[in-house]
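Structural features, examined
Here is what each chain is made of, one letter per residue.
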Amino acid sequence: MALPADNDPKLADYAHPERLVTTEWLAANLGSDGLVVVESDEDVLLYDTGHIPGAVKVDWHTELNDPVTRDYVDGARFAEICGERGIARDTTVVFYGDRNNWWATYALWVFALFGHEDVRILDGGRAKWVAEGREMTTEQPKPATVDYPVVERDDTTLRAFKDDVLAHLEKVKGGTGALVDVRSPGEYSGELLHMPDYPQEGAVRGGHIPGAANVPWARAAAEDATFKPRADLEAIYLQEQGLSADDDVVAYCRIGERSSHTWFVLTHLLGFGTVRNYDGSWTEWGNTVRVPIAQGAERG
Amino acid sequence: MADLPPRLAELVEDFSAVGPKDRLQLLLELSQELPDLPERYADAADSMEQVHECQSPLFLAVEVEDGATAPDRPVHLFFSAPPEAPTTRGFASIMHTGLDGESAADVLAVPDDFYVALGLGQAVSPLRLRGMAAMLARIKNQVRARTA
């Protein structure tokens, strides 16, 4: 019993407009049966300072990551996380968060790994909702626990591992595959590895995966934290970077969170057919013995 | 933690006495108690040092009072972090509550890894905690520079 899509004309231009909702749509649909709103932020305390009425919180680190293995939680734990929040398998889940929905798209991507069908992003996220003076509350919702099935994660379609990326390099060379590095230009070139004086959780080598285009993730966001209109996104990813919707694309960043934002843009807004997020990203690649690395501003 | 100034030691004790959920609550309360900046730092971005290691914009300034011997001079700390960064504000507030007014020598003696004892790793994530380590390192650098 999915909720109807938002028919806003801006959204209609995107490849999959049903993956986005506007703040107007959400305000009008808050409290509807079959809808759960999930806030996912970089800042673990932000939700607790005030959130959209009825929204529940999912924290990327403490909830979606396995506490021991570097991986996401398994199907059993995911079922608990959803069930406790009143999310059933057929619930429409609308994600929003801070920083241009960076972490909201990450949470959505993890839900997508579990095949949760109706996942959407609030265009503009928390910033736009707040800027419009819409209602916020610190009242914690107390959803009744529902049954969520234990579903096995599909790690083959939307997710890439290091060996997949190694195999992918041939496709990149041959022109049928592409890599998108969504980190800052300094990280891409290899200049930025750690700050003076401080150890930084990071990599022992700087640079990027050979052949990767550098498109910092936030270029897809407008000033008001909404996604840029489709024509602007095409100007960046298609015209400027030479990607095409039938390319086999792997996106990566440092741990796979920023690149889930780009994954969302390419998949749902521009309609690319095959986009995988390499969550091992630079903290794996840049620490791996004998993998190829390119340095400098060129793709290499 | 014998080397900690008394108010910082008290905070560490408060945090370690409760479970992970209550630690977050404590951090949230601290974030709300971070004092506003005095007028002279109104143009934060120009006159203060940015702590780049924090995931959200945080600026800090360190003042050391005049005094006879450098190690005894009281240190004053000023922080600026936006309300949409409560975790960073909470970290700053721990520094402010625990160290503002302490002597240069006592600030420099705080172990670089004191924050581990707060037990926030599980609730906040080690990545987010890096900002706290960086904040302390930058405070110490400024104290050293001002007492040299």
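The rules behind these values
- Residues numbered from 1 in each chain as written.
- Chains lettered and ligands numbered in written order.
- Predicted model: local features only at pLDDT ≥ 70, side-chain atom pairs only at ≥ 80, totals over all residues.
- Heavy atoms only, no water.
- Helix = DSSP H or I, 4+ residues; strand = E, 2+ residues; numbered from the N terminus.
- Rg over C-alpha atoms; globule rule 2.2 N^0.38 Å.
- Buried < 20%, exposed > 50% of the residue type's maximum accessible area, 1.4 Å probe, protein only.
- Contact = heavy atoms within 4.5 Å.
- Salt bridge = Lys/Arg side-chain N within 4 Å of Asp/Glu carboxyl O.
- Domains from an automatic or database assignment.
- Buried area = accessible area lost by both parts, 1.4 Å probe.
- Polar contact = N/O pair within 3.5 Å; in protein donor to acceptor, adjacent residues only side chain to side chain.
- Nonpolar A, V, L, I, M, F, W, Y, C, P; charged D, E, K, R; others polar.
- Pairing = 2+ DSSP bridges.
- Axes fitted to C-alpha atoms, helices over the stretch in contact; angles between N-to-C directions.
- Core = buried A, V, L, I, M, F, W, Y, C linked by side-chain atoms within 4.5 Å.
- 1 Å grid on protein atoms, 1.4 Å probe; cavity = no way out; pocket = protein on both sides within 12 Å on 5 of 7 lines; lining within 4 Å.
- Points joined across faces, edges and corners; volume = space filled by probe spheres on them.

A look at the overall build of chain B
Scanning chain B from N- to C-terminus turns up 7 helices and 3 strands. Ordered by position from N to C terminus, the α and β elements of chain B give α-α-α-β-β-β-α-α-α-α. A globule of 148 residues ought to have a C-alpha radius of gyration of about 15 Å, and chain B, at 15 Å, matches this closely. Counting only C-alpha atoms, chain B reaches 45 × 35 × 25 Å along its principal axes. In chain B, which comprises 148 residues, the proportion classed as buried is 51%. Partitioning the intrachain contacts of chain B with sequence separation of at least 6 by distance along the chain shows that 68% fall at a separation of at least 24.

Considerations on the pattern of salt bridges
Residue and element names in this part refer to chain A. Considering all chains together, one arrives at 27 salt bridges over all chains under this definition. Residue glutamate 132 pairs with lysine 128 through a salt bridge whose shortest N-O separation is 2.8 Å. For lysine 128, a relative accessible area of 17% puts it in the buried group. Sharing partners across several salt bridges, the network here consists of Asp71, Arg153, Asp155, Arg159 and Asp279.

Examining the domain arrangement of chain A
One widely used convention gives an interface's size as the accessible area the parts lose upon coming together. Residues and elements named next belong to chain A. Structurally, chain A comprises domain 1 (9-132) and domain 2 (162-286). One C-alpha centre belongs to domain 1, the other to domain 2; they are set 22 Å apart. Across the boundary between the two partners, domain 1 contributes 25 residues, which contact 31 residues of domain 2. Taken over both partners, the interface formed by domain 1 and domain 2 buries close to 2,300 Å², and the fraction arising from carbon and sulfur atoms is 65%. Applying the counting rule to domain 1 against domain 2 returns 0 salt bridges. Counting across the interface, domain 1 meets domain 2 through 14 residue pairs in polar contact (both at pLDDT 80 or more). Elements with a minimum of two residues in the side of domain 1 that touches domain 2: helix H5 (102-113) and helix H6 (125-131). Residue composition of the side of domain 1 that touches domain 2, by class: 13 nonpolar, 5 polar and 7 charged.

Brief notes about the sheet that holds strand S3 (residues 75-80) of chain B
Residue and element names in this part refer to chain B. Pairing is antiparallel across the open sheet formed by 3 strands, whose spatial order is S1-S2-S3. Strands with a single pairing partner mark the edges of an open sheet, and in this sheet they are strand S1 (49-50) and S3. Direction of pairing for S1 relative to strand S2 (residues 59-64): antiparallel, over a ladder of 2 bridges. Bridging from a neighbouring strand, glutamate 49 pairs with leucine 60 of S2. In the packing of helix H7 (residues 126-147) onto the sheet, the strands contacted are S1, S2 and S3, and the crossing angle to S2 comes to about 35°.

With respect to the environment of threonine 176 of chain A
Residues and elements named next belong to chain A. Relative to the helices and strands, threonine 176 is located in the loop between helix H7 (162-174) and strand S7 (177-181). Considered as a pair, threonine 176 and glutamine 140 are 36 residues apart in the sequence and their alpha carbons are 49 Å apart. With residues up to four places along the chain from it excluded, the contact list for threonine 176 reads Lys171, Asp247 and Asp248.

Some thoughts on the nonpolar core
Phe95 and Tyr237 of chain A are the most contacted members of the largest nonpolar core, which has 58 residues in total. For this core, the element with the most residues is H5 of chain A, which contributes 11 residues. Both domain 1 (9-132) and domain 2 (162-286) of chain A contribute no fewer than three residues apiece to this core. Leaving out residues up to four positions away in the same chain, tyrosine 237 of chain A has contacts with Val215, Trp217, Ala220, Gly242, Leu243, Thr262, Val265, Leu266 and Leu270 of chain A. Counting 42 residues, the second-largest nonpolar core is a separate cluster that includes Val12, Val110, Leu120 and Ala123 of chain B.

Brief notes about the environment of aspartate 100 of chain B
All names here are of chain B. Among the structural elements, aspartate 100 can be located in the loop between helix H4 (86-99) and helix H5 (104-108). Taking relative accessible area as the criterion, aspartate 100 reaches 18% and is therefore assigned buried. A sequence separation of 37 residues divides aspartate 100 from alanine 137, and the C-alpha atoms of the two residues are 15 Å apart. The residues contacting aspartate 100, other than those within four sequence positions of it, are Arg7, Val75, His76, Leu77 and Met95. A polar atom in the side chain of aspartate 100 sits 3.4 Å from the side chain of histidine 76. A distance of 2.8 Å separates a polar atom in the side chain of aspartate 100 from the backbone nitrogen of leucine 77.

Re the layout of surface pockets
Taken as a whole, the largest pocket spans an internal volume of roughly 1,400 Å³. As for the largest pocket, its lining consists of 44 residues, of which Asp59, His61, Thr62 and Glu63 of chain A together with Ala123 of chain B are closest to the centre. The greatest single-element share of the lining of the largest pocket, amounting to 6 residues, is contributed by helix H2 (residues 20-33) of chain B. Its residues assigned to classes, the lining of the largest pocket comprises 19 nonpolar, 10 polar and 15 charged. Two domains each put at least three residues into the lining of the largest pocket: domain 1 (9-132) and domain 2 (162-286) of chain A.

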